[in-house]
Amino acid sequence: MLNKVFRLVSPRQFEAVTIDEEIKEETVIVRPTYLSICHADQRYYTGSRDKAVLRKKLPMSLIHEGVGVVVKDYSGTFEKGQRVIIVPNTPTEKNETIQENYLPTSKFRSSGFDGFMQEYVFSTKDRLVPVLDEVPANVAAYTELISVAMHGINRLERVMNNDREIFGIWGDGNLGYITANLLNGLYPESKLYIFGKNEEKLNFFSFADEVFTVDDIPSDIRVSQAFECVGGIGSQYAIDQIIDTIRPQGAIGIMGVSEHPIEMRTRMVLEKGLTISGSSRSGVTDFENTVQFLATHPLHRKRFENLVGIEKTIRTVDDVHSFFEEDLANDWGKAVMKWEM
Ligand SMILES: NC(=O)C1=CN([C@@H]2O[C@H](COP(=O)(O)OP(=O)(O)OC[C@H]3O[C@@H](n4cnc5c(N)ncnc54)[C@H](OP(=O)(O)O)[C@@H]3O)[C@@H](O)[C@H]2O)C=CC1
Ligand SMILES: O=C(CO)[C@H](O)[C@H](O)COP(=O)(O)O
Ligand SMILES: [Zn+2]
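If you're wondering where the values come from, they're calculated on a predicted model, not measured in any experiment.

A word on the site of ligand 1
Working step 1: Close to ligand 1 lie 28 residues, the nearest being Asp172, Leu175, Lys201, Met255 and Arg281.
Working step 2: For ligand 1, an oxygen atom lies 2.7 Å from a polar atom in the backbone of Leu175.
Working step 3: At a separation of 2.7 Å, an oxygen atom of ligand 1 approaches a polar backbone atom of Arg281.
Working step 4: When ligand 1 is considered free in solution it has 920 Å² of accessible area, and contact with the protein chains removes 84% of it.
Working step 5: Among the elements of the structure, helix H1 (39-45), helix H4 (143-159), helix H5 (174-186), strand S11 (191-196) and helix H7 (234-245) are those that each provide at least two residues to the shell around ligand 1.
Working step 6: Looking at the shell around ligand 1, the element that brings in the most residues is H7, giving 3 residues.
Working step 7: Its residues assigned to classes, the shell around ligand 1 comprises 12 nonpolar, 11 polar and 5 charged.

This is the structure we're talking about:
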């Protein structure tokens, strides 16, 4: 079946190509409806990745956060018109020890493998997760990012000690907000301290116990466990501050992506007996856990609506350009495209 795929061929340049897609017994064809932009997409769009990486990964279709409706299911699992989240990670092998999102053989959409900027996404039943009726499309669009935070929390839970009094979150943006909202639902007895750079963004974290701007943290503030949700060079300053602020033998979950190597005071990591847990992407189980969380936490589900920053209907490649640029200038929240290409 013919499909139109919109690929980034070089920074800020898209090309539409028509592909004759192969249909197999397990194929499910999904029409993408709402797509959300991730920092990783912006790094390809703006060309801020290394030239060698761009050479290797482009051309490819961007976007790995999205929801759509089932158009045709050859596996007989889904109803026609059913809303589904498309899982971007695509494993090619099973492994008893290594999770699907850490297998080097897995393909990840919009990272060397076509993302969701297509007329139709050709998927399989094991990569689709039904959306709850109660979740609006513009929130369902960024389920992938919620699942990433869910995965990061799950990984830290495997290594953290039994002190759950105070969770510290560094980063007052999307990932920080999502991680904070999940922790608030999963650990209602724990306190949440948010450390950010912008008072306007910190105002959105009204459900937290304390918010701090990173240049004005009282010297006696301590956290039990910490999450870094910053990325870029900011990760270095955040991790440095976490090392000072966390209690001895606490655990740090690192989720922010840094393009260049960053420095870490390993002497203090040793001296305080800290545990560091890195986490990247997510797998189907994390999407299922996310849907379960949204089903059982109506207040927190509603709170995710506050994170929709900008939203636009996209009908042309020019619309895509202007929306990616708008996202770069946007201060708060996710950029969601109502996909009509
Ligand atoms: N591990 C994974 O699988 C995933 C990782 N990511 C990564 O997570 C990172 C964050 O993404 P996202 O939340 O969408 O980005 P945002 O830009 O929305 O959030 C980052 C926030 O951190 C703030 N910040 C900057 N420096 C510091 C600091 N020293 N201490 C505390 N806060 C600081 C920024 O403020 P300001 O804007 O003023 O600089 C910004 O508000 C990115 O690197 C992204 O690529 C995203 C998805 C998945
Ligand atoms: O955003 C992400 C997951 O949601 C990851 O950070 C992203 O997939 C990393 O991949 P890349 O190397 O292409 O930036
Ligand atoms: Zn992402």
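Observations concerning the UniProt feature "binding site: Zn(2+)" (unreviewed entry) in the protein chain
Working step 1: Feature annotation in UniProt places "binding site: Zn(2+)" (unreviewed entry) on Cys38, His64, Glu65 and Glu144, given in this structure's numbering. For the residues just named, distributed over 107 residues, the greatest C-alpha separation is only 9.7 Å, placing them together at one site.
Working step 2: Structurally, Cys38 can be placed in the loop between strand S3 (27-36) and H1.
Working step 3: Relative accessible area serves as the criterion here: at 15%, Cys38 is assigned to the buried category.
Working step 4: Discounting chain neighbours no more than four positions away, the residues touching Cys38 are His64, Glu65 and Lys334.
Working step 5: Within the secondary structure, His64 sits in the loop between helix H2 (51-57) and strand S4 (65-73).
Working step 6: Contact partners of His64, with chain neighbours within four places excluded, come to Cys38, Ala40, Asp41, Pro88, Phe108, Arg109, Ser110, Phe116 and Glu144.
Working step 7: A polar contact of 2.7 Å, which involves the side chain of His64, links it to the side chain of Ser110.

Brief notes about the side chain of Asn184
Working step 1: With respect to the helices and strands, Asn184 occurs in helix H5.
Working step 2: The exposure class assigned to Asn184 is buried, which follows from its relative accessible area of 19%.
Working step 3: For Asn184, the side chain forms a polar contact with the side chain of His300, separated by 3.0 Å.
Working step 4: Engagement of the side chain of Asn184 in a polar contact is seen with the side chain of Arg303, the distance being 2.9 Å.
Working step 5: Excluding its chain neighbours within four sequence positions, the residues that come into contact with Asn184 are Leu192, Phe207, His300 and Arg303.

A word on the site of ligand 2
Working step 1: Close to ligand 2 lie Cys38, Ala40, Arg43, Tyr44, Arg49, His64, Phe108, Ser111, Glu144, Val148, Val257 and Arg281, which account for all nearby residues.
Working step 2: For ligand 2, an oxygen atom lies 2.5 Å from a polar atom in the side chain of Tyr44.
Working step 3: Within the side chain of His64, one N or O atom sits 3.1 Å away from an oxygen atom of ligand 2.
Working step 4: For the shell around ligand 2, the secondary-structure elements that each account for two or more residues are H1 and H4.

Rules of the game
Residues numbered from 1 in each chain as written. Chains lettered and ligands numbered in written order. Predicted model: local features only at pLDDT ≥ 70, side-chain atom pairs only at ≥ 80, totals over all residues. Heavy atoms only, no water. Near = heavy atom within 4 Å. Polar contact = N/O pair within 3.5 Å; in protein donor to acceptor, adjacent residues only side chain to side chain. Areas by Shrake-Rupley, 256 points an atom, 1.4 Å probe, with all protein chains shown as cover. Helix = DSSP H or I, 4+ residues; strand = E, 2+ residues; numbered from the N terminus. Nonpolar A, V, L, I, M, F, W, Y, C, P; charged D, E, K, R; others polar. UniProt positions renumbered as here; feature names shortened; annotations may be inferred. Buried < 20%, exposed > 50% of the residue type's maximum accessible area, 1.4 Å probe, protein only. Contact = heavy atoms within 4.5 Å.

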